[in-house]
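# Summary of structural features
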Amino acid sequence: SQEAGAAMSPEPEQTPQVRLTIREVEVASLVAEGLRNKEIAVELGIEEHTARGYVSSILWKMCVTNRTQLAALWLADRERRRQHRTRLVKVPKRG
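Now for a description of the structure that goes with this document. Treat the numbers as computed from the prediction; the structure is a model and nothing was measured.

### Brief notes about the nonpolar core
- Grouped together as the largest cluster of nonpolar side chains are 22 residues, with contacts concentrated most on L20, V27, I40, I58, M62 and L70.
- Only α1 (22–32), α2 (37–44), α3 (48–61) and α4 (67–89) provide two or more residues apiece to this core.
- The greatest single-element share of this core, amounting to 6 residues, is contributed by α1.
- If we skip the residues at most four places from it in the chain, I40 touches V27, L30, V31, L35, A51, V55 and R67.

### Focus on unusual backbone geometry
- One non-glycine residue, C63, lies in the positive phi region at around 55 degrees.
- By secondary structure assignment, the location of C63 is in the loop between α3 and α4.
- Taking relative accessible area as the criterion, C63 reaches 71% and is therefore assigned exposed.

### Let's talk about α1
- Taken together, the buried positions of α1 are E24, V25, V27, A28, L30, V31 and A32.
- Among the residues trailing α1, G34 stands out with phi positive, at a value near 95 degrees.

### Comments concerning the packing of α2 against α3
- In contact at an axis separation of 8 Å, α2 and α3 are set at 110 degrees when each is read in the N-to-C sense. Put simply, α2 runs roughly perpendicular to α3. On α3, the residues that touch N37, K38, I40 and A41 of α2 are E48, A51, R52 and V55.
- Classifying every residue of the contact of α2 with α3 by side-chain character gives 4 nonpolar, 1 polar and 3 charged.

### Focus: the pattern of salt bridges
- Enumeration according to the criterion identifies 6 salt bridges in this entry.
- In this structure, the salt-bridge partner of E24 is K61, at a minimum N-O distance of 2.8 Å. Pair noted here: E24 is in helix α1 and K61 is in helix α3, with a separation of 37 residues, a long-range link.
- The shortest N-O distance in the salt bridge between R82 and E79 comes to 2.5 Å. Here E79 and R82 lie together in helix α4, a separation of 3 residues that amounts to about one turn.
- Accessibility expressed as a relative area gives 32% for E79, which makes it partly exposed.
- By sharing partners, the salt bridges in this structure join D77, R80 and R81 into a single network.

### A look at α2
- For α2, the complete set of buried residues consists of N37, I40, A41 and L44. Looking down the long axis of α2, one finds its buried residues gathered within 100 degrees of arc, a one-sided arrangement. Residues of α2 that are exposed and angled more than 90 degrees away from the buried face: K38, V42 and E43.
- Phi turns positive one or two residues past the end of α2, at G45, with a value near 70 degrees.

Scoring rules and cut-offs
Throughout, residues of each chain are indexed from 1 in the direction in which the sequence is written. The predicted origin of the model limits local features to residues at a pLDDT of at least 70 and limits the giving and counting of side-chain atom pairs to 80 or more, whereas totals for whole chains, interfaces and linings rest on all residues. Where side-chain values are given, they derive from all heavy atoms of the structure, hydrogens and water being excluded. Here, nonpolar core refers to any group of buried Ala, Val, Leu, Ile, Met, Phe, Trp, Tyr and Cys residues whose side-chain atoms link them within 4.5 Å. Note on classification: 1.4 Å probe, protein chains only; a residue is buried when its accessible area is under 20% of the maximum for its type, exposed when over 50%, partly exposed between these limits. Under the DSSP-based scheme used, a helix requires at least four consecutive residues in state H or I and a strand at least two consecutive residues in state E, with every element numbered from the N terminus. By definition in these notes, contact holds between two residues if any of their heavy atoms fall within 4.5 Å. A fitted line through C-alpha atoms represents every axis, and for helices the fit uses only the stretch in contact; the resulting angles, taken between N-to-C directions, go from 0 to 180 degrees. Between 65 and 115 degrees an angle is taken as roughly perpendicular, under 35 as roughly parallel, over 145 as roughly antiparallel, and anywhere else as oblique. In this classification, Asp, Glu, Lys and Arg are treated as charged, Ala, Val, Leu, Ile, Met, Phe, Trp, Tyr, Cys and Pro as nonpolar, and every other residue, Gly included, as polar. Note on definitions: salt bridges are taken to be side-chain nitrogens of Lys or Arg within 4 Å of carboxyl oxygens of Asp or Glu. The directions considered for the arc run from the helix axis to the C-beta atoms.

This is how it looks when you write it as structure tokens:
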């Protein structure tokens, strides 16, 4: 299966602790938005039991026990990456 380069993003950053597949990244993002398995399944065009399997795999890989913990980690990581990119993009003003 394909793997995303980052722990919680399809961006090319490397975070060796957690490797999610591209589909797991999509599912984790939808969980963080508050979608239930049935809604995730509809959104991604997969069966509900498949969505449930992805969620279980993500919880295990991220060492969390519930969707709330997953969402909290996911959103914190997204904010950290956003701030990191903002710092990288700032260019000093010329004279």
